[in-house]
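Below, each chain spelled out in residue letters.
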Amino acid sequence: MSGPVSVGMTVVVPCYNEADNVEHAYREIVTALSGHDLEVLFVDDGSSDGTLACLKDLARTDPRVQYLSFTRNFGFEAAFSAGYRYASRPWILHIDADVQFPVAEAHKLIAAAEQGRDAVFGVRETRYDPLVRRAGARAYHFVARRVLGIEIPPGATTFRLVRTELARAIVDLRLGTPYFLATVPRLTNRYSTVPVAHRARERGASKLNLRWLVGHAMGLFVGFSNRMATVASVLALLAAGLAGLTAVGAGTGLLGSTVVTVALLYVLLTVLCVLAVSVRYLVAVGASQARPALFYIREATIPVDPTDRLMVENVGVPS
Ligand code: UDP
Ligand code: MG
């Protein structure tokens, strides 16, 4: 199988309100990867600043630059998934618009990929993000890997080099919880991690707020492991068992005071009701909600599938 050096790469750059970063990112990408057969595919995730205008300028001056622009902000996973879906080269290099991973570090990923890998993930040697992010990430990796047994390449980040065939297969699964890091190990065992440098964001603020990060973590915990559901079932069975024992205790006079017995039964009744309603909501109501697609594209420099387009203004349509 051929590595990224010989067959070329699409650099996918998700952008949400990154007008201050787009041009810096572009310059660093083309400088650090000069000599490679490149496509640079920016995905404008419904930005409300001048991101799209910057992308248009770049696409006008450099034929290696392409872009997709969404009809609204669909979120980080949607943005990179669209990039992965429409990458034209056999390998994808994912670079965030703020280039917190210096692009030159990609050579380490490329060298590892040349050893016969399907995916190579950068792992930060030292992480330059706020303390709460660092601590939160550690806790969530611990819960995912150790408590819930979800296979994720340890320390893996979005700075990654992936075979396009693999990335596209994952996007095409159209998972309710598109969690790339946890899906790769389900499709291949030829992945590895490489230590890479990291730096603080220099322009603009992080676009991933705490609420999103918590929701993202819950999506992983619930979508990629059955253990939370098992814990809920076991809890319900324990509560039912305890209720039975309490009833027997009350009937045989072993539980002296009726006040204690009644209180205990009320507690158990509440626990069982909460669990029953949760299950009803999760399974019956939650599962039957219609979902819109992960993303809709309004404008692009490359052809996109009719199902991914909406209110098209300027999409390159195949003849
Ligand atoms: N991003 C996006 N859509 C969003 C949020 C973020 O496309 O809704 C992009 C963002 O522009 C950046 C990348 O995803 O290129 C990672 O975001 P950020 O750097 O804010 O994340 P952090 O480094 O704080 O984890
Ligand atoms: Mg960042």
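Above: the structure in question.
Residues numbered from 1 in each chain as written. Chains lettered and ligands numbered in written order. Predicted model: local features only at pLDDT ≥ 70, side-chain atom pairs only at ≥ 80, totals over all residues. Heavy atoms only, no water.

Draft legend 1. The arrangement of the overall build of the protein in detail. In terms of regular secondary structure, the protein is built from eleven helices and nine strands. Taken along the three principal axes of its C-alpha coordinates, the protein extends 85 × 45 × 40 Å. The proportion of buried residues among the 319 residues of the protein is 44%. Between the averaged position of the 32 positive side-chain charges in the protein and that of its 27 negative side-chain charges there is a distance of 7 Å. (Helix = DSSP H or I, 4+ residues; strand = E, 2+ residues; numbered from the N terminus. Buried < 20%, exposed > 50% of the residue type's maximum accessible area, 1.4 Å probe, protein only. Lys, Arg positive; Asp, Glu negative; His and termini not counted. Charge placed at Lys NZ, Arg CZ, Asp CG, Glu CD.)

Draft legend 2. Spotlight on helix H2 (residues 22-32). Within the span of H2, buried status applies to Val 22, Ala 25, Tyr 26, Ile 29, Val 30 and Ala 32. Along its buried surface, H2 packs onto strand S1 (9-15), strand S2 (38-44), helix H3 (51-61), strand S3 (65-70) and helix H5 (106-113). (Contact = heavy atoms within 4.5 Å.)

Draft legend 3. The nonpolar core, seen in detail. Counting residues in hydrophobic clusters, the biggest one holds 36 residues, and the most contacted among them are Val 11, Ile 29, Leu 33, Phe 42 and Leu 93. When contributions to this core are tallied by element, the ones reaching two or more residues are S1, H2, S2, H3, S3, strand S4 (91-94), H5 and strand S7 (191-196). Ranked by the residues each element gives to this core, the list is headed by H2, at six residues. Apart from the residues within four sequence positions on either side, Leu 93 is in contact with Met 9, Thr 10, Val 11, Val 12, Leu 33, Ala 106, Leu 109, Phe 159, Arg 160 and Leu 161. Residues Ala 156, Val 171, Leu 181 and Ala 182 belong to the second largest nonpolar core, which totals 29 residues. (Core = buried A, V, L, I, M, F, W, Y, C linked by side-chain atoms within 4.5 Å.)

Draft legend 4. Summary view of the coordination of the magnesium ion (ligand 2). Taken together, the protein donors to the magnesium ion (ligand 2) comprise Asp 98 (OD) and Gln 100 (OE1), at separations of 2.0 to 2.1 Å. With relative accessibility at 12%, the residue Gln 100 sits in the buried group. (Donors = N, O, S within 2.8 Å, 3.2 Å for Na, K, Ca; no water.)

Draft legend 5. Region of interest: the site of ligand 1. Surveying the vicinity of ligand 1 reveals 18 residues, the closest of which are Pro 14, Glu 18, Asp 45, Ser 206 and Lys 207. Separating an oxygen atom of ligand 1 from a side-chain N or O atom of Asp 98 is a distance of 2.8 Å. Arg 201 places a side-chain nitrogen or oxygen 3.1 Å from an oxygen atom of ligand 1. Considering ligand 1 on its own, with 530 Å² of exposed area, one finds that the protein chains cover 94% of that surface. Taken together, the elements giving at least two residues each to the shell around ligand 1 come down to S1 and helix H4 (76-86). In the shell around ligand 1, the residues fall into seven nonpolar, four polar and seven charged. (Near = heavy atom within 4 Å. Polar contact = N/O pair within 3.5 Å; in protein donor to acceptor, adjacent residues only side chain to side chain. Areas by Shrake-Rupley, 256 points an atom, 1.4 Å probe, with all protein chains shown as cover. Nonpolar A, V, L, I, M, F, W, Y, C, P; charged D, E, K, R; others polar.)

Draft legend 6. Structural view of the environment of Leu 238. Tracing the backbone through its elements, the reader meets Leu 238 in helix H10 (residues 227-251). Measuring from C-alpha to C-alpha, the distance between Leu 238 and Leu 268 comes to 9.5 Å, with 30 residues separating the pair along the chain.

Draft legend 7. Local environment of the packing of aromatic side chains. Here the structure, examined in full by the defined rule, presents eleven aromatic pairs. Look at Phe 76 and Trp 212: their rings are 6.3 Å apart centre to centre, the planes differ by 75 degrees, and that puts the pair in the edge-to-face class. In this pair, Phe 76 sits in helix H4 while Trp 212 sits in helix H9 (residues 210-223), placing the two residues 136 residues apart along the sequence. Judged by relative accessible area, Trp 212 falls into the partly exposed class, the value being 26%. With a centroid separation of 5.0 Å and 40 degrees between ring planes, the pair formed by Phe 80 and Tyr 84 is classed as tilted. With Phe 80 and Tyr 84 both in helix H4 and four residues apart, the pair spans about one turn of that helix. Its relative accessible area of 1% is what places Tyr 84 among the buried residues. A connected cluster of aromatic rings, assembled from ring pairs, spans Phe 76, Phe 80, Tyr 84, Phe 180 and Trp 212. The ring centre of Phe 74 lies 5.5 Å from the NZ or CZ of Arg 72, which sits over that ring. (Phe/Tyr/Trp six-rings, centres within 6.5 Å; stacked < 30°, edge-to-face > 60°. Lys NZ or Arg CZ within 6 Å of the ring centre and 35° of its normal.)

Draft legend 8. Quick peek at the environment of Arg 309. Mapping Arg 309 onto the fold places it in strand S9 (residues 309-314). Note: C-alpha distance between Arg 309 and Gly 3 (306 residues apart in sequence) is 32 Å. In terms of polar contacts, Arg 309 uses its side chain to reach the backbone carbonyl oxygen of Val 304, at 3.0 Å.

Draft legend 9. The state of the cysteines, seen in detail. Within this structure, the stated rule accounts for zero disulfides. As a non-bridged cysteine, Cys 15 has Cys 54 as the owner of its nearest cysteine sulfur, 9.3 Å distant. (Disulfide = S-S within 2.5 Å.)

Draft legend 10. Spotlight on the packing of H10 against helix H11 (residues 258-287). Two elements in contact, H10 and H11, have axes separated by 9 Å at closest approach and are oriented at 155 degrees. With respect to their mutual orientation, H10 and H11 come out roughly antiparallel. Of the two possible hands of crossing, H10 and H11 adopt the one that is left-handed. For the pair formed by H10 and H11, the contact residues are Ala 232, Leu 235, Ala 236, Ala 239, Ala 240, Leu 242, Ala 243, Thr 246 and Ala 250 on the first element and Thr 261, Leu 264, Leu 265, Leu 268, Val 271, Leu 272 and Leu 275 on the second. (Axes fitted to C-alpha atoms, helices over the stretch in contact; angles between N-to-C directions. Parallel < 35°, antiparallel > 145°, perpendicular 65-115°, else oblique. Left-handed = near helix turned anticlockwise from the far one by under 90°.)

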